[in-house]
Amino acid sequence: MDKYSIEIKNIHKNFGNVVAVKDFSLNIKDGEFISLLGPSGCGKTTLLRILAGFEFADSGDVFMNGKNISNLPPYRRPLNMVFQRYALFPHMTVFENIAFSQFLKKKPSKEIEAKVNEMLRLVQLEGYGGRKPNQLSGGQAQRVALARSVINEPQVLLLDEPLGALDLKIRKAMQIELKNIQAKLGITFIYVTHDQEEALVMSDRIVLMNAGMIIQVDGSKNIYFHPNSTFSATFIGESNIFPGKVDSLLSDHNLVQIDGFKVKARLNSEATIDGGVFLAIRPEKVKRIKSADTTKAYDNKLIGEITEVIFFGSIVKYTVQISAGLKIFAQEVISDDQDLNNISESNIGDKITLGFSKEDLNILLK
Amino acid sequence: MAIKKKRTHIYLLLPLYAYYGLFFLVPLGILFIYSFWLTSTTKIIPIFTLHNYIEMFTKELYRTIIFRSLYIGLVIGLLCVLLSYPLAYALTFKYKKLQDAILYLILISLFSNYLVRVYAWKTILGNYGFINQILTYLGIIKQPLEFLLYSKTAVVITLVFILVPYTILPIFSSLQNVSIDLIEAAKDLGANPTRAFFKITLPLSMPGVTTGFIFSFILSAGDYVTPQLVGGNSGLMIGRIISDQFGQSYNWPLGSAISYMMIFLMIIIINIFIWITRILKLRS
C-alpha cells in the first residue's frame, strides 16, 4: 500500500469568469517525482500555487499526511517551492539566501553554517557563499534557489518550471542533476512544466492537463505508448492520428477500418462496434518492410509511395501516401549498417511496404 | 590608425559647467571665505577668525534656533516618512489598479504653488479656521485651539503636508523593485507577513526611504517662508535669521558661517540616519 504524501480532492478555482482548475483530484505518492504537464493556461501553475498556499481554491481540499492544509498560509505548510525566476533575495549573499529558512527557525549559527555548506556541496557551488545573486549565472542561481528550499528538509518540494529560463545545454544538465538530487534525498517532487520531453525524462508519473482538467495520469512510458486521447497523443511526442470506425471486437484486439483499410488495433475495452474513433500510432513504430526480410511477421501491412523525406541528424522522417485519404508519418534511426540502406531523398517516389504491430495502434475515443 | 575617443561631449557640457561654476560654486566659495571674516558697520573686514563660528554657539538665540530648526526638520522628516510609507506600500501592493490615478493626484499637488498652500494652511489652522470650526460645532471644544497656528506645531503640520508628496515618490519608486515573487519566497521559507516585511520589503525599499527622509529633512530644516507665515514667535527658525544677516542685519560673514554650520550638522544627522537604517537592515 503506497503512502500518499499529498491528497488533492476536487479542487476548483476560477479567476473571474475564467475556469483555471476544474474538479482536480490526485493522490501523490511519498518520494515520487510527478510532473504537471500541459500547455500554457492549462492550470498547472495555478494548482501548484494552491498547493503552496499562494492561492486559495474556491472549493476542494488538500491533505498532507492526512492533515487538511487547505486553509493554512504558506509559512505554515510543510512544503517548499522553487520559483520560475528563482526569486533570490538580492540584498543577501548566497549563504544568507540559503540560510534564510533556518535563520527564521532560530537555529544556532554553527548548525546553520554546517547545513549551508552541506547544501553548497550538494548543488556543487562550494565557495560561492559570499557572492550576491547578481553575480551568478542562470544555472547557478537556479541551484541556489534549489538549495534554499531543500535545506528545510521538506517532505514535498514544488517546482514551477524551474529550468524555463536556461539555455538548452544547461537545462539538460540540470534535468539530470535535479533527478539525482531527488533520488538521493527521497523528497517528493511536484514539477510543473510545459516541456513534454523534460517531463518524460524526469518523471515517475506525468499528470497531463488541459483547460484546467486532468487528461491522463500515467508513468512516462505508458503515457507515451498508450495515450488515452488525441490530445495526449499529440502533446507528448509526435503521433499519427487517423479517423476510423470500429469493425469488430475480438478477445485480444479490435478490428478497425481506416479509409477502407482493415487493420488490427490494440484492445480498447470501451470501444463499440461501428463507433467513430481515432487511431494513433507513433512514427517510430511504423517499420519499413524490406522485401528480403521474412523473419519478422507484422500484424498489419500497408503499401504506399514515399512522398517526403526529411533528415534530422540521427533519425530520418518520411511520409508515405497509402491512398488518397491516408497518409502515414514514419521515422527510423540512421544506421551505419551497410545492409540497411537508409532512406534518403533519392527514395522519393518509391513504393514501400510498411508494417506495424497491433499493440502500437491505439484506439482513442476522443 | 587608432581611433581617438571623441571628447565632443565635454564641449557640449561646457556651457552648463560654466554657468553652474560661475553662479553656484564660485559664490559658495566666496561665502565660505566670508564665514571666517568679520564685519563692521560699513564694510567687511578680511581677517581670518573663528569668531562667527564661536558666536553662533555662545549666543543663546543662535544656539537655540539652530537646534530647534534641526529638531523640527528631524520631526518633519520622520513624520513624512512614517506617513508616506504606508501610502506608497498600499499603492504598490494593494491598489494596483488605482496606482496611476493616485500618482497623478499626488503630482498635481506638487505642481501647486508653495505659497498658496502655506496660506491655505494658515486659514485651516486659524482660530476661526476649518479645524476649530468643526471641533466647536461638534461640541468637542469650547474655545478655539490656539496652538494650531503661530507655533512650532503649525510649522510641522504645514510642512509635513507640503513635503509628503516629495517623500511618497522616492519610496514608491523603490518599492517597485520589490517583486512580489520575493515576498512569496520569504513566506514559503517560513516568514509570516510581518517578518517578510522587515526582512525583505523594508530593506529593499530603504534607499527610497532614505531619499525621502533627506528631501523632507533638508527642505524643512532650512525653510524660512513657512515659519515666517505660520510659525509665530515660538516657531522662529534659522532660515529667517540667516536671511536677516544677508538683509537688514548686514552681517554676511555671520550668515555664511551659520549656513555652513547648518549644512555640516545636517550632513551629520543624515549620516546618523543612514547608519541607523543599516543596523536595522542587518540580521542579528
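1. A short note on the overall build of chain B
Looking only at helices and strands, chain B has 12 helices and 2 strands in total. Reading chain B from its N terminus to its C terminus gives the helix and strand order α-β-β-α-α-α-α-α-α-α-α-α-α-α. Against the compact-globule benchmark of 19 Å for 284 residues, chain B has a radius of gyration of 24 Å, which places it well outside the compact range. Considering only C-alpha atoms, chain B reaches an extent of 90 × 70 × 40 Å along its principal axes. Looking at the 284 residues of chain B, the share that counts as buried comes to 32%.

2. Details of the environment of Y19 of chain B
For Y19 of chain B, the position within the fold is in helix 1 (residues 8–34). Owing to 10 C-beta atoms within 10 Å, Y19 of chain B belongs among the exposed residues under this scheme.

3. Observations concerning the environment of S84 of chain B
All names here are of chain B. Residue placement: S84 occurs in helix 3 (residues 60–94). On the neighbour-count criterion, S84 (27 C-beta atoms within 10 Å) is buried. For the pair S84 and L163, spaced 79 residues apart in sequence, the C-alpha separation works out to 9.7 Å. Setting aside anything within four residues of it in sequence, one finds S84 in contact with V164, T167, I168, I171 and G212.

4. Observations concerning the domain arrangement of chain A
All names here are of chain A. Domain annotation for chain A reports domain 1 (4–231) and domain 2 (238–364). Computed over C-alpha atoms, the centres of domain 1 and domain 2 are 39 Å apart. Taken together, the contact pairs 5 residues of domain 1 with 5 residues of domain 2. Per-class residue counts for the side of domain 1 that touches domain 2 are 1 nonpolar, 4 polar and no charged.

5. Observations regarding the interface of chain B and chain A
Where interface size is quoted, it is often the accessible area lost as the parts come together. At the junction of the two partners, chain B supplies 15 residues and chain A supplies 18 residues. Among the secondary structure elements, those contributing two or more residues to the side of chain B that touches chain A are helix 8 (180–188) and helix 9 (193–221) of chain B. At 6 residues, the largest contribution of residues to the side of chain B that touches chain A is made by helix 8 of chain B. For the side of chain B that touches chain A, the residue count by class is 7 nonpolar, 2 polar and 6 charged.

6. Remarks on the packing of helix 11 (residues 238–245) of chain B against helix 12 (residues 252–281) of chain B
All names here are of chain B. Contact geometry of helix 11 with helix 12 gives a least axis separation of 7 Å together with a crossing angle of 150°. The angle between helix 11 and helix 12 places the two elements in the roughly antiparallel class. The chirality of how helix 11 crosses helix 12 is left-handed. On helix 12, the residues that touch I238, I241, I242 and Q245 of helix 11 are W252, L254, G255, I258, S259 and M262. By residue class, the composition of the contact of helix 11 with helix 12 is 7 nonpolar, 3 polar and no charged.

7. A short note on helix 1 (residues 44–52) of chain A
Every α-helix winds through 3.6 residues per turn, so residues three or four apart in the chain are directed the same way. Where burial is concerned, most of helix 1 of chain A is hidden: 8 out of the 9 residues are buried. Looking at the residues trailing helix 1 of chain A, positive phi occurs at G53 of chain A, about 105°.

Calculation rules
- Residues numbered from 1 in each chain as written.
- Chains lettered and ligands numbered in written order.
- Predicted model: local features only at pLDDT ≥ 70, side-chain atom pairs only at ≥ 80, totals over all residues.
- Helix = DSSP H or I, 4+ residues; strand = E, 2+ residues; numbered from the N terminus.
- Rg over C-alpha atoms; globule rule 2.2 N^0.38 Å.
- Buried ≥ 20, exposed ≤ 12 C-beta atoms within 10 Å, placed from the backbone.
- Contact = placed C-beta atoms within 7 Å.
- Domains from an automatic or database assignment.
- Nonpolar A, V, L, I, M, F, W, Y, C, P; charged D, E, K, R; others polar.
- Axes fitted to C-alpha atoms, helices over the stretch in contact; angles between N-to-C directions.
- Parallel < 35°, antiparallel > 145°, perpendicular 65-115°, else oblique.
- Left-handed = near helix turned anticlockwise from the far one by under 90°.

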